[in-house]
Amino acid sequence: MKKQVFNLSKGVVFILMWTLSLCLYAQGITVRGVVTDTKGEPLIGVTVQVEGTSTGTITDMDGNFTLQNVSSTATLEVSYVGMKTQVISLNGRTTVNITLEEDTELLEEVVVIGYQTIRKADLTGSVSVFNPDEMKNTIVTGTVGDALGTLPGVNVRTAGSPGREGKVEIRGTGTFGSSTPLYVVDGIVSGANRDFNFNDIESIQVLKDASAAAIYGSRAGNGVIIITTKQGKEGKMKIDVSSRATVQWLPKYDLTNRDQWIKLNDMAFANAGRQPANHFEGNTDWQKEVFKTGIVQDHNISFSGGNNGSRYFISGNYQNNSGTTIGTESERFTLRSNTSATRDFGDNVTFRIGENITLSHFAVDELDTNPIVDVYRMLPTISIYDENNAARGGYGYGDGSRDVTFGTNPFAKEDFTETKNSNLRIRGNAFTELEVLKALKYRFNFGFDFSNDQHSYLRKLGYWTYNQPYDPSSLNKNQAQYRGLVFDNTLEYNKKLGKHDISAVLGTSFFTSTYEQIWGTKNDVLMTSDGHYFDTLDAALSNPKTGNYRDLQKLFSVFGRVNYNYDERYLLSFTMRRDESSKFSPDNRVGYFPSISAGWRISNEDFFESSWINDLKIRANYGMLGNSNIGVWDWVSFITTFPQAVFGVDQNVHTGMTQIKLANNDLKWEKLTQVNAGFDAAILNNRLNLSVDYFLKETRDVLAPMQILMVTGNNGGDPYVNAVTLQNTGLELSATWRDRINKDFGYSVNLNGSFLKNKIKDIAYDLEEGFSQWDTKSIPGKPIGEWYLIKTDGLFRTQEEVYAHTNSEGKIIQPDAKPGDVRYVDANDDGIITDADRQHLGSTIPKFELGMNLGFEYKDFDLQIQMGGAFGHKSFNGPRSAFDRFDDNSNYRASYDPWTPENPNAKDPRPIYADSRNVRGDQDRWLENGSYLKVKQIALGYSLPKAILGKTFESVRVYVNAQNLITFTSYKGLDPEFLNTNIWDRSYDGGYFPNPYGVTFGAQISF
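Just so it is clear, the structure is predicted and the values come from calculations on it, not from any experiment.

From N to C terminus, the chain includes 8 helices and 51 strands. Each principal axis of the C-alpha atoms in the chain carries an extent, and together these give about 135 × 75 × 75 Å. Among the 1007 residues that make up the chain, the fraction classed as buried is 51%. The long-range share in the chain, meaning contacts at least 24 apart out of those at least 6 apart in sequence, stands at 70%. Carbon and sulfur atoms make up 55% of the accessible area of the chain, which amounts to about 46300 Å² in all. Of the side chains in the chain, 101 bear a positive and 119 a negative charge, and the two mean positions are spaced by 5 Å.

In C-alpha cells:
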C-alpha cells in the first residue's frame, strides 16, 4: 500500500512538473536585439513581426527592439522600406542582432526607351513611368493616353461621349498642327486608339525630352508614349478573368422650368416694348428627357504560360458603352495573341522568333447633334412631339408665331439622321533575333497595320428646327482602307569591361503607308412598306455623286545610340537619327536629329557620405526633334478638272483644268530643340523618391497658314509657310513616399506637379500681328490664345450713371443705355464700344497642373484615390453666355436675378428680347476662374484570403470605384475639365460633353 501511495505521489509530482513546464512554455520568452545596415548604422522604424501572428514592434532611435511573450521556436519577419526582408528562426535565442541589406530592385528597374531597354537608374533623359495598376479599377474608353493625366508634364483632357477620343499634350503646345504624341506599341509605331485593349498593357513609358525621344527623330516632336504589352511567363497556364460595369450619369444645368421661363421671357418682351409671345402648352424638362443613365461594360479574359523555350499570351476583350444621352453607343471587340520561341545553339548563340497580332473591331453610333447644347437651346414650353407638325415628322420645335427658337430637337435629329462608323483593324509585328556571345544582338522587326473603315450617313425626311429648309432623303456611303508597313533592322551591342559599361544600337527603319477612300451619295432613298429606309445606294433614285482619293507617304530612317556608364557614377548618351520623308519636296526631305545627355550619380562617389540619401543623380541633356504636321501633299499645288467650257462649231462641252490651291514648295521640317536638366533622388531608405526637371523647349519653323487673296487664283485654302517660333519652359516635380507600418498596413503617396509657360517667340512674313479670334489673340511675346475681351464694370443703376459714363473728352460712351444695362469699359477712350476695346484678361493655358495618387493596403483591403487639377487659367462659360442672353430665345438660368425698378441692386442686367446691347458675346461677364481640383477616382477593393481560395484560384478580388464625383472649383459650367481641341481658345466651353459621373463594380479572378 505504501508503495502504491509512493508511486501515486511520484505520478502527481510528474504531472505537476509537466503542467508547470507547459505553462512556462506557453508564457514564452522575451527577445531583444538591434537592427543595423551593412555599414553598422542603426535603422529606425524597422518592423519586427512574429510570423503568422499579430505580435510585432518597430525599432527605436538606436535600432533596438524588444518582443515579449514570444515562443522560443517562433520565426521573425524583419522588414524595412528599401531593404531586403529577412526571415529569422529564433531556435530558443533571446538576443538577435540583425543586419539588413539594401534592396536594389528599384535601381534594377528596366524601362523601354526605343529600340533598347535601360536601367531606370541609368537614365539621363526625362522619362515618366506609368503604373498600369492605376487603371485596374476603371474602364478606359478612349486612347491609352487618356489615363496618363497624373504624370508630370502630361496634359490630358478626356471626352465624355462614346467613341470620342481625348487629347494628350506633352510639355505644352509646340506646333499649330496636331500635338498628339507618337505611340509605340511593342516596338512598332501604332496608335493606341479607342480600339486598343488597355487590359493588355504591361508597362507605359512617356519620353518627354529630346534626349529620350531623339531615337524617333522627325516623329517625336510631340513626345513619345511607349507601350509594352503583356507576355507569357514560364510556368503552367495562367488564366485571368476580369469583368467591370460602370453606371454613368451627367451633371445638369440649373435651368428654369416652364413658369420661371415664361416670367423671364415676358419681361424680356416687355423691356423691348413688345407684347408677350404666344407660348406653347408643353412642359418639358429637356435635360431629364435627353440625359440618361449609361452603362459601360468591359470584360476581359487572357491565357498565358510557357516553358524554358517558348511562351504564349492570348487575350480577348469586349467593351460596350451605351452612352449618357440619347443617340449614341459604341461597341468594341479585340483579340490579341503573341508567342515567342527560343533555341540555344551552344552557350554563345541564341535564336529567338516571335509575333504579336491584334485583331479589333470598333463600331459607334455617332451623335448627329450636340445634346449638351440642345437641352438649353430648346424651350421648356415646347413638347418633344407635336401633332401639329405631323406632316413634317411629328416633333416639336420653335414656331415663328409662338415661342421662337432655332434650337434643335435632339430626338428629331437623332431620329431623322443616322451616322454609323466602324473599323476593322489587324496590326502587330513579327520578329527574329540572333544573339551572339551574349553581347551582340541582331533583330529584324516587321510591323504591319491594316485597317478597313466604313461610314454611312442616312438623312431621312423630317424636320428638327424652326425655319428649316426642305432637304430630300439621302444616303452617303464611305469606305477607306489603310495599310502601314514597317521594316526595322537593328544591331545592338552590350558589354561590360571592368568599370566600363557600354550599350549601343544601330539601325534602319523604313515606313510606308497608303490610305485610300472612296465614297458615293444619292438622294431620294426608297422605303419599305413599314417606313424603314433601305441602306444601299442602289435603293436611292437621284443625283448620284462619287469621289475617290489616295494618300501615300514614305519615311526612311537611319539611327544610332550609344550609352556609356563608368563605375555606376558617370553616364553619357549620344543619339543621332536621319529621316527622309515624302511629305516634303525632294530638296527638303532630309532632316538630322541629334541629342546628347549626361548624368552623374553623386551618391556613388567616395566623398559622398549621407545616412539618409540612398541614391542621388543629376542629369542634363540637349537635343533636336522634328515635326511634319502637314498633309501628305501640302507641298504640291492642287489642280481641279471641274471647269467646263463650250467651244467649236458644234458647241461641244470640254472639260478643263485649273490650279485652285497655291502651294509652298519650300516647306521644311519643324525643328524642336530642347534643353533639360534635373535630378533623381532616393531618400530615407528609399521611402521617398524625388524627381525634378527643368526644360526649355523651342520649336522653330512652325508651319502656319499664310492668307493669300483669292484673286491670285488660290481657292483651296491658305498654303503653309514656316513662319513661327514657339517656346515652352517648365518645371516638373514628382515625389513618391512608400512605407509599411507593419505586416498588415502599408501605403504610398505620389504627388507631382508641373509649371508651364508658353510663348510665341516670333512670327515671320506678314503675320507679325499674330492670330486673332473673336475671343483670343495670339501675338509675339505672349502665349497662344490669350483672352482678349471687352471688360465690364457692373450695371447702370440709374440714368445719371449712364450720363456720367464718359470718355476723357466728356463724350457719353453708351448713350442708348438704360438703368439695368451692362456698363462696358472704353479701353481706347474713343467714346464708343467696339472690337478695339478688347483687353488682355488672362490665359487659356493652366500655369500649374497637379496629379496625386494615394494607395493604402490593410490586410486584404486596398484603397486607391486619384486626383488631378489645373490652376492659373480662365475659362469662358459658353453655355452660360447662351442662357444668360435674351436677344434669342433659349432656356434661362434659374438663378438669373434681373434688374427691375423694384430690384435696383440685382446681380444681372435687365432682359431685352431681340436686343444685343447687354449680351454681346465678346464681353468678360462669362469669363470665369477655370482652376479646379478633381477627385478622379476612389476605389475600394477586397482580395479573398488565400487560405480559402484552395488550389484552383490564385487570386480573387472585387472592388467598387467612384469616378468624378467630387470637384473643387468656382467654375459654373458642367465640368471645368472639358475638352476643346482648338489651340486658339482651348479654355472656351462651347457646350462640350462633360466627363460623366460614374460608379464601377468589378471583379478580377486569376486561376
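Moving on to the sheet that holds strand β39 (residues 776-778). Spatially, β38-β39-β40-β43 is the arrangement adopted by the 4 strands of the open sheet, whose pairing is antiparallel. The strands lining the two open edges of the sheet, one partner per strand, are β38 (771-772) and β43 (838-843). As defined by bridge partners, β39 adjoins strand β40 (residues 786-790) across 2 bridges and the pair is classed as antiparallel. Bridge pairing in β40 links K777 to E786.

This next bit is on the pattern of salt bridges. One pass over the full model with this rule turns up 52 salt bridges. Residue D122 is joined to R119 by a salt bridge in which the shortest nitrogen-to-oxygen separation is 3.0 Å. Of the residues examined, D122 reaches a relative accessible area of 12% and is grouped as buried. Ionic pairing is found between R459 and D471, a salt bridge with its closest N-O pair at 3.5 Å. Taken as a pair, R459 in strand β23 (residues 440-459) and D471 in the loop between β23 and β24 (474-497) lie far apart in primary sequence, 12 residues in all. For D471, a relative accessible area of 37% gives the class partly exposed. A cluster of three or more residues bridged by salt bridges with shared partners is formed by R119, D122, E568, R601 and D615.

On to the side chain of D449. Among the secondary structure elements, D449 is positioned in strand β23. Side chain to side chain, D449 and R425 meet in a polar contact 2.6 Å long. For D449, the contacting residues outside a window of four places in its chain are S190, R425, I426, R427, Y482, R483 and G484.

Taking 1.5 Å of rise per residue, 14 residues should cover 20 Å, and helix α3 (residues 258-271) covers 20 Å from first to last C-alpha, within 8% of that figure. The complete set of buried residues in α3 reads R258, W261, I262, L264, N265, M267, A268 and F269. Taking the backbone nitrogen of D259 as reference, a side-chain oxygen 3.2 Å away marks N257 as the first, capping residue of α3. G273 sits one or two positions beyond α3 and adopts a positive phi of about 75 degrees.

The next thing to look at is the sheet that holds strand β13 (residues 182-185). With respect to topology, 5 strands assemble into an open sheet ordered β10-β15-β16-β13-β14, the strand pairing being mixed. In this open sheet, the two strands that pair with only one neighbour each are β10 (127-130) and β14 (188-189). Both strand β15 (residues 201-207) and strand β16 (residues 224-229) contribute to a ladder of 6 bridges, which runs antiparallel. Across the sheet, L207 pairs through a bridge with V224, a residue of β16.

Another point: the packing of aromatic side chains. With the rule as written, the count across this model stands at 38 aromatic pairs. Aromatic pair F176 and F771: ring centres 5.4 Å apart, planes at 85 degrees, arrangement edge-to-face. Here F176, found in the loop between β12 (167-170) and β13, pairs with F771, found in strand β38; they are 595 residues apart in sequence, far enough to count as distant. The two residues F176 and F771 agree in class, both being buried. Pairing F584 with W669 gives two aromatic rings, centres 4.7 Å apart and planes at 45 degrees, and the pair type is tilted. In this pair, F584 sits in the loop between β27 (570-581) and β28 (590-601) while W669 sits in the loop between β33 (658-661) and β34 (670-683), placing the two residues 85 residues apart along the sequence.

Cut-offs used in this document
Residues numbered from 1 in each chain as written. Predicted model: local features only at pLDDT ≥ 70, side-chain atom pairs only at ≥ 80, totals over all residues. Heavy atoms only, no water. Helix = DSSP H or I, 4+ residues; strand = E, 2+ residues; numbered from the N terminus. Buried < 20%, exposed > 50% of the residue type's maximum accessible area, 1.4 Å probe, protein only. Contact = heavy atoms within 4.5 Å. Areas by Shrake-Rupley, 256 points an atom, 1.4 Å probe, with all protein chains shown as cover. Lys, Arg positive; Asp, Glu negative; His and termini not counted. Charge placed at Lys NZ, Arg CZ, Asp CG, Glu CD. Pairing = 2+ DSSP bridges. Salt bridge = Lys/Arg side-chain N within 4 Å of Asp/Glu carboxyl O. Polar contact = N/O pair within 3.5 Å; in protein donor to acceptor, adjacent residues only side chain to side chain. Expected span 1.5 Å × (residues − 1). Phe/Tyr/Trp six-rings, centres within 6.5 Å; stacked < 30°, edge-to-face > 60°.

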